[in-house]
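What follows is the residue order along each chain.
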Amino acid sequence: MNEQIAEPRLTLDQCVVPSWPAPAGVRALVTTRRGGISRAPYDSLNLGLHTGDDREHVLANRRALSELAGDARFAWLEQIHGNEVVDAARVVDALEAGEAPPRADASVTDVPGIACIVMVADCMPVLFCDDQGRAVGAAHAGWRGLAAGVLERTAAEVAKRAGTGSRVHAYLGPAIGPTAFEVGRDVLDAFVEHAQAHERDATVAAFVPHGEGKYLANLAALARVRLARADVVTMTGGDLCTVSDAHRFFSFRRDRVTGRFAGAIWIDQR
């Protein structure tokens, strides 16, 4: 006999709602572990189909998110730690036609009711909008994608869709914090190599020596350097650590076998 799947009901107070200068009509949130039906170690709002969790539980969790978002249509991606930015409306059309999610790490849209979404469990979800609410975007910023320019590319695509004279804002969601993100020299070198001359000091300062050949990296500080390069006018968030807050957030580095939460943004349907 098939298990009867209970439909979860997700509420906004179970999510992180960004405090940022988004205009009326732009909706954004970051989910947490709360509000779903997945069982340990994926408890409870796991949104990742690739994690080993029960597929029906994940799909029920995703339906709960869509309901909370006013039945917005979500542009789910197959994230690969790169810098590819895709059109979220085209992604949704492809998914609804039965195609596989595209291999990309960011999406943008100017279509109301289409939600850009990225899944994370230590990497940083970064949400974008312009000051007129004409376009939005979401990027998955692990260190590889961040070093490869995923944030600059996403900001540029949002600005392009928003039109001439647009000003872009960014919200930095929960991610592995600067006291937990130990990396090797290769990560430092990757960022320094691609830093512009005026960015070099801030880039190096984001790495604190932590034993022989090791550093503690500040992902949010590195993101702000790249967002400034992209002329993003405000950058908020970046102060919530996934590793230290096991009650609210999944963390791959902390738990290894774990779920995924997500950052999502959309324009209300008018």
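It should be noted that the structure appears before, not after, this text.
This structure is a prediction, so every number in the text was calculated from the model and none was measured.

Trainee: Requested: an account of the overall build of the protein chain, with residues and values cited.
Mentor: Broken down by element type, the protein chain carries eight helices and 13 strands. For the protein chain, the C-alpha radius of gyration of 18 Å lies close to 18 Å, the compact-globule estimate for 270 residues. In terms of overall dimensions, the protein chain has C-alpha extents of about 60 × 45 × 35 Å along its principal axes. Counting across all 270 residues of the protein chain, residues that qualify as buried make up 53%. Long-range contacts, defined here as pairs at least 24 residues apart, represent 67% of the contacts in the protein chain between residues at least 6 apart. Summing over all exposed atoms, the protein chain offers an accessible surface of approximately 12,100 Å²; the carbon and sulfur share of this is 48%.

Trainee: Before we move on, can you summarise the environment of Gly142 with the specific residues and values?
Mentor: Positionally, Gly142 belongs in the loop between strand S7 (136-141) and helix H3 (143-148). Taking the relative accessible area as the measure of exposure, Gly142 reaches 3% and is therefore buried. Non-local contacts of Gly142, meaning those with residues more than four positions away in its chain, are made with His81 and Cys123.

Trainee: Please provide a residue-by-residue account of the sheet that holds S7, values included.
Mentor: Judged by pairing direction, the sheet is mixed, and its six strands sit side by side in the order S3-S4-S7-S6-S8-S12 without closing on themselves. Edge positions in the sheet fall to strand S3 (85-87) and strand S12 (234-237), since each has one partner strand and no second. Each neighbouring strand pair of the sheet contributes to a mean axis angle of 20°, computed without reference to strand direction. Bridge count for strand S4 (residues 106-109) against S7 is four bridges, and the pairing is antiparallel. Bridging across to S7, Ala106 finds its partner in Ala139. Sheet strands touched by helix H2 (residues 88-96): S3 and S4. Its angle to S3, the strand with the most contacts, is close to 70°.

Trainee: Can you break down the pattern of salt bridges residue by residue, with the values?
Mentor: A complete count under the given rule lists 16 salt bridges for this structure. With its nearest N and O atoms 2.6 Å apart, the salt bridge here joins Arg63 to Glu7. Here Glu7 lies in the segment before strand S1 (26-30) and Arg63 lies in helix H1 (residues 55-68), a separation of 56 residues in the sequence. Among the residues examined, Arg63 registers a relative accessible area of 40% and is labelled partly exposed. On the basis of relative accessible area, Glu7 is assigned to the partly exposed category, the value being 46%. A salt bridge links Glu152 to Arg229, with the nearest nitrogen and oxygen atoms 3.3 Å apart. Of this pair, Glu152 sits in helix H4 (residues 150-162) while Arg229 sits in helix H7 (residues 219-229), and the two are 77 residues apart along the sequence. When its relative accessible area of 26% is taken as the criterion, Arg229 is described as partly exposed. When salt bridges that share partners are traced, they join Glu152, Glu199, Arg226 and Arg229 into one network.

Trainee: Could you give me a rundown of the environment of Asp255, with the residues and numbers involved?
Mentor: Mapped onto the secondary structure, Asp255 falls in helix H8 (residues 252-255). Using a relative accessible area of 32% as the deciding quantity, one classes Asp255 as partly exposed. Sequence separation of Asp255 and Pro41 is 214 residues, and the distance between their C-alpha atoms is 8.6 Å.

Trainee: Go over the packing of aromatic side chains with me, naming the residues and quoting the values.
Mentor: One pass over the structure, following the stated rule, counts six aromatic pairs. What links up through ring pairs into an aromatic cluster is the set Phe74, Trp76 and Trp266. In this arrangement the basic side chain of Arg62 is found over the ring face of Trp76, its NZ or CZ atom lying 3.7 Å from the centre.

Trainee: Explain the side chain of Thr258 residue by residue, including any values.
Mentor: Summarising the element assignment, Thr258 is placed in the loop between H8 and strand S13 (261-267). When its relative accessible area of 2% is taken as the criterion, Thr258 is described as buried. For Thr258, the contacting residues outside a window of four places in its chain are Pro41, Tyr42, Thr51, Ala121, Phe250, Ser251 and Phe252.

Trainee: Mind laying out the sheet that holds S13, listing which residues take part and the relevant values?
Mentor: Read from one edge of the open sheet, four strands run S1-S13-S5-S2, paired in mixed fashion. The outermost strands of the open sheet, each flanked by one partner alone, are S1 and strand S2 (73-75). Averaged over all pairs of adjacent strands, the angle between strand axes in this sheet comes to 20°, irrespective of strand direction. In terms of strand pairing, S1 meets S13 through five bridges, oriented antiparallel. Paired with Ala28 across the two strands is Ile265, which belongs to S13. On the sheet, H2 packs against S2 and strand S5 (114-120) and is oriented at approximately 105° with respect to S2.

Definitions and limits used
Residues numbered from 1 in each chain as written. Predicted model: local features only at pLDDT ≥ 70, side-chain atom pairs only at ≥ 80, totals over all residues. Heavy atoms only, no water. Helix = DSSP H or I, 4+ residues; strand = E, 2+ residues; numbered from the N terminus. Rg over C-alpha atoms; globule rule 2.2 N^0.38 Å. Buried < 20%, exposed > 50% of the residue type's maximum accessible area, 1.4 Å probe, protein only. Contact = heavy atoms within 4.5 Å. Areas by Shrake-Rupley, 256 points an atom, 1.4 Å probe, with all protein chains shown as cover. Pairing = 2+ DSSP bridges. Axes fitted to C-alpha atoms, helices over the stretch in contact; angles between N-to-C directions. Salt bridge = Lys/Arg side-chain N within 4 Å of Asp/Glu carboxyl O. Phe/Tyr/Trp six-rings, centres within 6.5 Å; stacked < 30°, edge-to-face > 60°. Lys NZ or Arg CZ within 6 Å of the ring centre and 35° of its normal.

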